[in-house]
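Next come the chains, spelled out residue by residue.
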Amino acid sequence: MSGAENAYELHQVSFAYESEQSVLDGITLSIPSGSWVSLVGPNGCGKSTLAKLLGGLLAANAGEVVVEGTVLNRETIHQIRPRIGMVFQNPDNQFIGSTVEEDIAFGLEGRCLPREEMIHRVRKYGDKLKIGHLLSKHPSELSGGQKQRVAVAAILAMEPGIVIFDEASSMLDEKACGELLDIIKEMKQSGEYTIVSITHDAEEIMYSDRAIVLLDGGVAADLSPEDLFHDDALLQSCRLIAPYRIQLVRELAKLGVQVPPLQRDEEVTEALWQLHLNK
Ligand SMILES: Nc1ncnc2c1ncn2[C@@H]1O[C@H](COP(=O)(O)OP(=O)(O)OP(=O)(O)O)[C@@H](O)[C@H]1O
């Protein structure tokens, strides 16, 4: 990690595409280094635009984006950009090489790393993402979930301190979604990354440290997943549905059965069993 207290500090950041109306208007927020933040909000509220500003792919029209203590601008972008990796929605669009190995190596070649270091990183991150056995495969031989794991391996091989996921699981099936979530959990646990994830996946949001809610070009709320999933008005504005487990805990509370929020499935099951026994 960089040693900076905050991976991001945004001060009054605004952005508009060309002559159009502002998409983001006066965004102020901070994201501590090593944290996992979910960026949520309804379609078109500016989440991807904010992700591109955080990734240095777009420049703010007004305000300041500070990355790990350094203000992002034309002079600093070359120093800051390698610290940030971005994983997008469509795994097909992110596959550049003709094999998995080439794909992971592609970004490393751009960094002019010694050949031995490149080979080491391809193997290391191939193994970490459980695609070590697929290194010689062509993209057409891979599932969507496997391609997305290759995309993540290619990003992590460049050893960024910040990784931004822009709806990275939205085109994956349930199993692949779960696998991607496990990868993000491992990344968080390693303490090596600051993670920003744009997502509509309630299960994923639940595991993050915080949710930042974007509405009408501004930050409407910055709160714990637990608080988000107990705020019906906010959930409705974001078009989010609380995970089944949370819904169940809330319904149990209405019946007078208290289960501490965000508990594991087994504890919810136990509460249900107790309710049954006391009937
Ligand atoms: N390249 C562009 N040029 C002009 N307008 C754009 C461009 N990209 C996005 N927009 C507009 O900016 C607004 C915010 O878009 P953005 O993709 O950031 O929202 P989002 O919250 O990520 O949406 P979604 O959840 O649907 O992906 C939308 O009105 C969109 O039409």
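Here, the structure is the one placed above.
Residues numbered from 1 in each chain as written. Predicted model: local features only at pLDDT ≥ 70, side-chain atom pairs only at ≥ 80, totals over all residues. Heavy atoms only, no water.

### Some words on the pattern of salt bridges
How we decide: Whenever a carboxyl oxygen of Asp or Glu lies within 4 Å of a side-chain nitrogen of Lys or Arg, that contact is scored as a salt bridge. By definition, any uninterrupted DSSP run of H or I lasting at least four residues is a helix, any uninterrupted run of E lasting at least two residues is a strand, and each is numbered from the N terminus. Type-normalised accessible area, obtained with a 1.4 Å probe on protein chains alone, sets the label of each residue: buried when under 20%, exposed when over 50%, and partly exposed for intermediate values.
Here the structure, examined in full by the defined rule, presents 13 salt bridges. Residues Asp92 and Lys147 are paired through a salt bridge, measuring 2.6 Å at the closest nitrogen-oxygen approach. Of this pair, Asp92 sits in helix 3 (residues 91-94) while Lys147 sits in helix 6 (residues 144-156), and the two are 55 residues apart along the sequence. You can call Lys147 buried: its relative accessible area is 13%. Between Lys175 and Glu179 there is a salt bridge whose closest N-O contact spans 3.2 Å. Within this pair, Lys175 and its partner Glu179 are both found in helix 7 (residues 174-190), separated by four residues, close to a single helical turn. By relative accessible area, Lys175 is classed as exposed at 61%. Salt bridges linked by common partners bring Glu117, Arg121, Lys124 and Glu159 together as one network.

### Points about unusual backbone geometry
Phi angles above zero are rare outside glycine, and Glu68 is one such case at about 45°. With respect to the helices, strands and loops of the structure, Glu68 is situated in the loop between strand 4 (62-67) and strand 5 (70-71). When its relative accessible area of 15% is taken as the criterion, Glu68 is described as buried.

### As for the side chain of Ser38
Rules: Should any heavy atoms of two residues lie within 4.5 Å, those residues are counted as being in contact.
The residue Ser38 is located in strand 3 (residues 36-40) in this model. Those residues in contact with Ser38 that lie beyond four places of it in its chain are Ser197, Thr199, Ile205, Ser208, Arg210, Ala211 and Ile212.

### Things to note about the site of the ligand
Rule in force here: Residues are counted as near a molecule or strand when any one of their heavy atoms sits within 4 Å of it. We define a polar contact as two N or O atoms separated by no more than 3.5 Å, with the added condition that, inside protein, one atom must be a possible hydrogen donor and the other a possible acceptor, whereas residues neighbouring each other in sequence contribute only through side-chain atom pairs. Classification convention: Asp, Glu, Lys, Arg as charged; Ala, Val, Leu, Ile, Met, Phe, Trp, Tyr, Cys, Pro as nonpolar; all other residues, Gly among them, as polar.
The environment of the ligand is made up of 13 residues, and the closest members are Gly44, Gly46, Lys47, Ser48 and Thr49. Contacts to the ligand include Gly44, whose backbone N or O atom sits 2.8 Å from an oxygen atom. In this structure, an oxygen atom belonging to the ligand sits 2.8 Å away from a side-chain N or O atom of Lys47. Among the elements that line the shell around the ligand, the one with the most residues is helix 1 (residues 47-54), at three residues. Within the shell around the ligand, the residues separate by chemical class into four nonpolar, six polar and three charged.

### Re the packing of helix 4 (residues 100-110) against helix 6
The angle between the axes and the distance between the axes are what describe a pair of packed helices. Formally: Only the contacting stretch of a helix is used when fitting its axis, a line to C-alpha atoms as for every element, and angles between N-to-C directions run 0 to 180 degrees. Handedness of a crossing is defined here by the sense of rotation of the near helix relative to the far one, left-handed for an anticlockwise turn of less than a right angle and right-handed for a clockwise turn.
The geometry of helix 4 relative to helix 6 is characterised by a closest axis approach of 8 Å and an angle of 35° between their N-to-C directions. The crossing of helix 4 and helix 6 is right-handed. Across from Val100, Asp103 and Ile104 in helix 4, the residues of helix 6 making contact are Val150, Ala153 and Ala154. In the contact of helix 4 with helix 6, the residues fall into five nonpolar, no polar and one charged.

### Some details on the sheet that holds strand 2 (residues 22-32)
Here is the rule: Strands pair, by our definition, only if DSSP identifies at least two bridges between them.
Ordered in space as 2-1-4-5, the four strands form an open sheet in which the pairing is antiparallel. Looking along the sheet, the strands with just one partner apiece sit at the ends: strand 2 and strand 5.

### Comments concerning the pairing of strand 8 (residues 194-198)
Put simply, the rule reads: Call a crossover right-handed when, viewed with both strands pointing away from you, the route from the first strand across the helix to the second goes clockwise.
Counting buried positions along strand 8 gives five out of five residues, so the element sits mostly inside the fold. A two-sided burial pattern is seen for strand 8, the buried positions comprising Thr194, Val196 and Ile198 on one face and Ile195 and Ser197 on the other. Of the pairings in the sheet, the one linking strand 7 (residues 162-166) to strand 8 comprises five bridges and is parallel in character. Bridge assignment links Phe165 to a residue of strand 8, and that residue is Ser197. Each parallel crossover has a hand, and the one from strand 7 via helix 7 to strand 8 is right-handed.

### Quick notes on the packing of aromatic side chains
Just so we agree on the cut-off: Under the pairing criterion, centres of Phe, Tyr and Trp rings, with the six-membered ring standing for Trp, must be within 6.5 Å; the plane angle then separates stacked pairs below 30 degrees from edge-to-face pairs above 60, leaving the rest tilted. Any Lys NZ or Arg CZ that is within 6 Å of a ring centre and within 35 degrees of that ring's normal is treated as a charge sitting over the ring.
The tally for this structure, following the rule as stated, stands at one aromatic pair. Aromatic side chains Phe15 and Tyr17 sit 4.8 Å apart centroid to centroid with 85° between the ring planes, which places their arrangement in the edge-to-face category. Of the residues examined, Phe15 reaches a relative accessible area of 6% and is grouped as buried. Sitting over the face of the ring of Tyr207, Lys185 holds its NZ or CZ atom 3.9 Å from the ring centroid.

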